[in-house]
Each structure stands twice: as C-alpha cells, then as structure tokens.
Amino acid sequence: MPNGSGHSNKAPSALIFDSGVGAISIAREVRRQIPALTLHFGVDNGFYPYGTKSEEALRPRIVEQASAMMAATGADILVVGCNTASTLALPQLREVLPQPVVGVVPAIKPAAQETESGVIALIATEGTVNRRYTRELIEQFANGHRVINVPAPELVRLAEAKLRGERITATDLDPVLRRIFHTAGGDRVDTAVLACTHFPLLREELDRFAPRQIRWLDSGPAIARRVQWWLDELHLVLPERAEASQLLSSAADSDGQIALAFAEFSPAPRLPVS
Ligand code: DGL
C-alpha cells in the first residue's frame, strides 16, 4: 500500500532515541495516542549516562549515533526522547537529517499555566538544569513564576533499576525529595516538571513518597501530539496495526538488561550500530 512517503511500501515508523530507558516513557505515550505507528528504539548505552557529560563530548556523539540509527531503521521521524540531548543538539540533528526531528522540551509552559502557588520545581539531569536552552525557556515561558532547579542525576540510575525489576524505596528517593521540598521556597511548590525522560518512569514512587500531593508534569503527551502532526504533514498513512519494533543499541546488550526493560514493546534486538 502506498504510504505517501515516496519510497517503498513499508509502514511509517518513528525512531525514539535516548541514552537508556527514558525512551520508554515517551514511547508509552506515543503508543497510547498513535497505536498503529511502528516504533523503533535507539539506545546509546555505550555513552550512558548523558546527564553528567560535557556538551563538547555529547553533541557530536548524539548526532553520530542518532543519524546511524535512523539510517539503520529507515524511520520516517526521529523523536529525541531525551531532554539532555534535545536541549543540546536539536539544531545540529535538524541540519544533518532529512527527516523531521521531534525534541523533548521541559514542560515549563504547562507548569506555569497550572501552578496556583507560583512555585515550580524543575527536576532534571545536571546537564539540562544548567543549560542555556533551559534558562531561556524559563525566562520565556515561566510567566515570572519562581522556578526551583533540582538536579537529580540519581533518578536516572533509579529509573534504570526499576525497569530491571528492582523495588524503589522511600530511602532511595529521600535525597531528591528533600531537594524539592526542603529548600528555600520548597514549602510552596505545587507543580514539578519531570524534565528528564527517565523520571516519569518513577512518577508513582515520587508521588507516593512525597511529603504532600503535587502535580508531576512531563512532555510525553506533547511529544505524541507533535508526532501525529508530522504524520499528517507528511501524509503518512498508518496501517491497521503497527509492525514489529526494532531495538538498536550502541554497545552490546550483553546481560540482556536493555531487552528486558523494553520487553513491553516486544522489539526485535539488532546488532549495535557502532
Ligand atoms: N533520559 C535522558 C534525559 O531525558 C538522560 C539520562 C542520562 O543522563 O543519560 O535527559
């Protein structure tokens, strides 16, 4: 069946790229909104974690890996399912790739619309918290509300552990919850932005162990809407059912942990791309 993309008759597909399991939080939302879209996963496990690495090291690496994975899967759309990568390398990715590139933007704008107390916590990797892109986003979209920056690199590791089947306890989350609630202005936080795609995977635990109820926002729903927008724009017609997913990693998945984490999408593992 022609699909409007002008090449072959393969089903339209998107590649979701991340350093690790963060792609899953985005994929769940894309699958929920667009069940018939074929999803592939690109995991740069050979350079994980991204959040603590320098911009100079990360930028070329992201461009090289994401481009190689796009070529290997023949995907129609690249979804950068990683805030650390999106806040750093979107312009460069758009320069080299002929396909549309959808990036994750920290959900500052919706948070600014929803907060009643006027105090928002921005929880992200160190890289994202300190990025100029993020500072400009706050200046532009926080409506003058107070934004407390909460670097939480350990949540990346904890999300990976949870997807390997480990239980996450109150003690595990205590240091991060203290950084949100027991800091100047923390007693007034009513909305938290989960600005790393790993973090929505811990939403349930964050909610359960937080000292009081607040809103936890992420960008998954907005990303899925943007992917649908591109499918319409490219006139890509979806089949009745998504085709099999492929799982690419940049380093071998020797202990099978990546395949295990992505099992809910039953992807076919592929050889590392580099
Ligand atoms: N999932 C990534 C993000 O959204 C980063 C995790 C990492 O530090 O590798 O920022």
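Per an unreviewed UniProt entry, the recorded name for the protein is Glutamate racemase, and the organism is Microbulbifer elongatus. As its UniProt record puts it under Function (unreviewed entry), the protein is described as follows: "Provides the (R)-glutamate required for cell wall biosynthesis." The protein has a UniProt comment under Sequence similarities (unreviewed entry) that states "Belongs to the aspartate/glutamate racemases family."

A. Examining the pattern of salt bridges more closely. The full count for this structure, using the stated rule, is 16 salt bridges. Across the pair Lys10 and Asp76 runs a salt bridge, and its minimum N-O distance is 3.2 Å. In this pair, Lys10 sits in the segment before β1 (13-18) while Asp76 sits in the loop between α2 (55-73) and β3 (77-80), placing the two residues 66 residues apart along the sequence. In this structure Lys10 comes out as partly exposed when scored by relative accessible area, which is 24%. One salt bridge connects Arg215 with Glu114, and the closest N-O pair in it is separated by 3.2 Å. Taken together, the positions of Arg215 in strand β8 (residues 215-217) and Glu114 in helix α4 (residues 108-114) put the pair 101 residues apart, joining distant regions of the chain.

B. Spatial organisation of the sheet that holds strand β4 (residues 101-103). Taken together, 6 strands build an open sheet; the order of strands is β4-β3-β1-β2-β9-β10 and the sheet is parallel. Of all strands in the sheet, those with a lone pairing partner are β4 and β10 (268-269), marking the two edges.

C. Representation of the UniProt feature "active site" (unreviewed entry) in the protein in the model. As annotated in UniProt, the feature "active site" (unreviewed entry) corresponds to Cys82 and Cys196 in the numbering used here. Annotated residues spanning 115 residues; largest pairwise C-alpha distance 6.4 Å, indicating a single compact cluster. Tracing the chain through its elements places Cys82 in the loop between β3 and α3 (83-96). The contact partners of Cys82, leaving out residues within four places of it in the chain, are Phe17, Asp18, Tyr50, Val104 and Thr197. Look past the residues within four positions of Cys196 in its chain and what remains in contact with it is Asn83, Ile123, Ala124, Thr125 and Val156.

D. Expanded view of the packing of helix α1 (residues 22-33) against helix α10 (residues 220-233). Viewed as axis vectors pointing N to C, α1 and α10 meet at an angle of 50°, and their least axial separation amounts to 8 Å. Here α10 runs oblique to α1, going by the angle between their axes. The handedness of the crossing between α1 and α10 comes out as right-handed. When α1 is examined against α10, the residues Ile26, Glu29, Val30 and Gln33 are found in contact with a partner set consisting of Gly220, Pro221, Ile223, Ala224 and Arg225.

E. Expanded view of the pairing of strand β7 (residues 191-194). Residues Thr191 and Val193 of β7 are buried on one face, and the alternating residues Ala192 and Leu194, pointing to the opposite face, are buried as well. Sheet analysis places strand β5 (residues 119-124) next to β7, joined by 4 bridges and oriented parallel. Bridge pairing in β7 links Ile123 to Leu194. Relative to β8, β7 is paired through 3 bridges, and the arrangement is parallel. Across the sheet, residue Val193 finds its bridge partner in β8, namely Leu217. Once the chain exits β7 it traverses helix α9 (residues 203-209) before rejoining the sheet at β8, and the crossover so formed is right-handed.

F. View of the sheet that holds β7. Strand order in this open sheet of 4 strands is β6-β5-β7-β8, and the pairing throughout is parallel. At either end of the open sheet lies a strand with only one pairing partner, and these are β6 (146-151) and β8. Across the sheet, the mean angle from the axis of one strand to that of its neighbour is 25°, orientation sign disregarded. Pairing of β5 with β6, which is carried by 6 bridges, proceeds in the parallel orientation. Of the residues in β6, the one forming a bridge with Val119 is Arg146.

G. Inspection of the environment of Ala222 at higher detail. Locating Ala222 in the fold gives a position in helix α10. Overall, Ala222 belongs to the partly exposed group, its relative accessible area being 39%. With 19 residues separating them in the primary sequence, Ala222 and Arg203 have C-alpha atoms 17 Å apart.

H. A look at the nonpolar core. Core analysis: the largest hydrophobic core is formed by 56 residues, its most contacted members being Ile123, Ile180 and Trp216. It is helix α7 (residues 154-163) that provides the largest number of residues to this core, a total of 6 residues. Setting aside its immediate chain neighbours within four residues, Ile123 contacts Val150, Ala152, Leu155, Ile180, Ala192, Val193, Leu194, Ala195, Cys196, Phe199 and Trp216. Of all hydrophobic cores here, the second largest spans 21 residues; its members include Leu15, Val80, Leu90 and Leu97.

I. Structural view of the site of the ligand. Of all residues adjacent to the ligand, which total 13 residues, the nearest are Ser19, Tyr50, Asn83, Thr84 and His198. Within the side chain of Ser19, a nitrogen or oxygen atom sits 2.6 Å from an oxygen atom of the ligand. Burial of the ligand by the surrounding chains reaches 99%, relative to a free accessible area of 300 Å².

Rules and cut-offs
Residues numbered from 1 in each chain as written. Predicted model: local features only at pLDDT ≥ 70, side-chain atom pairs only at ≥ 80, totals over all residues. Heavy atoms only, no water. UniProt positions renumbered as here; feature names shortened; annotations may be inferred. Salt bridge = Lys/Arg side-chain N within 4 Å of Asp/Glu carboxyl O. Helix = DSSP H or I, 4+ residues; strand = E, 2+ residues; numbered from the N terminus. Buried < 20%, exposed > 50% of the residue type's maximum accessible area, 1.4 Å probe, protein only. Pairing = 2+ DSSP bridges. Contact = heavy atoms within 4.5 Å. Axes fitted to C-alpha atoms, helices over the stretch in contact; angles between N-to-C directions. Parallel < 35°, antiparallel > 145°, perpendicular 65-115°, else oblique. Left-handed = near helix turned anticlockwise from the far one by under 90°. Right-handed = clockwise from strand over helix to strand, strands pointing away. Core = buried A, V, L, I, M, F, W, Y, C linked by side-chain atoms within 4.5 Å. Near = heavy atom within 4 Å. Polar contact = N/O pair within 3.5 Å; in protein donor to acceptor, adjacent residues only side chain to side chain. Areas by Shrake-Rupley, 256 points an atom, 1.4 Å probe, with all protein chains shown as cover.

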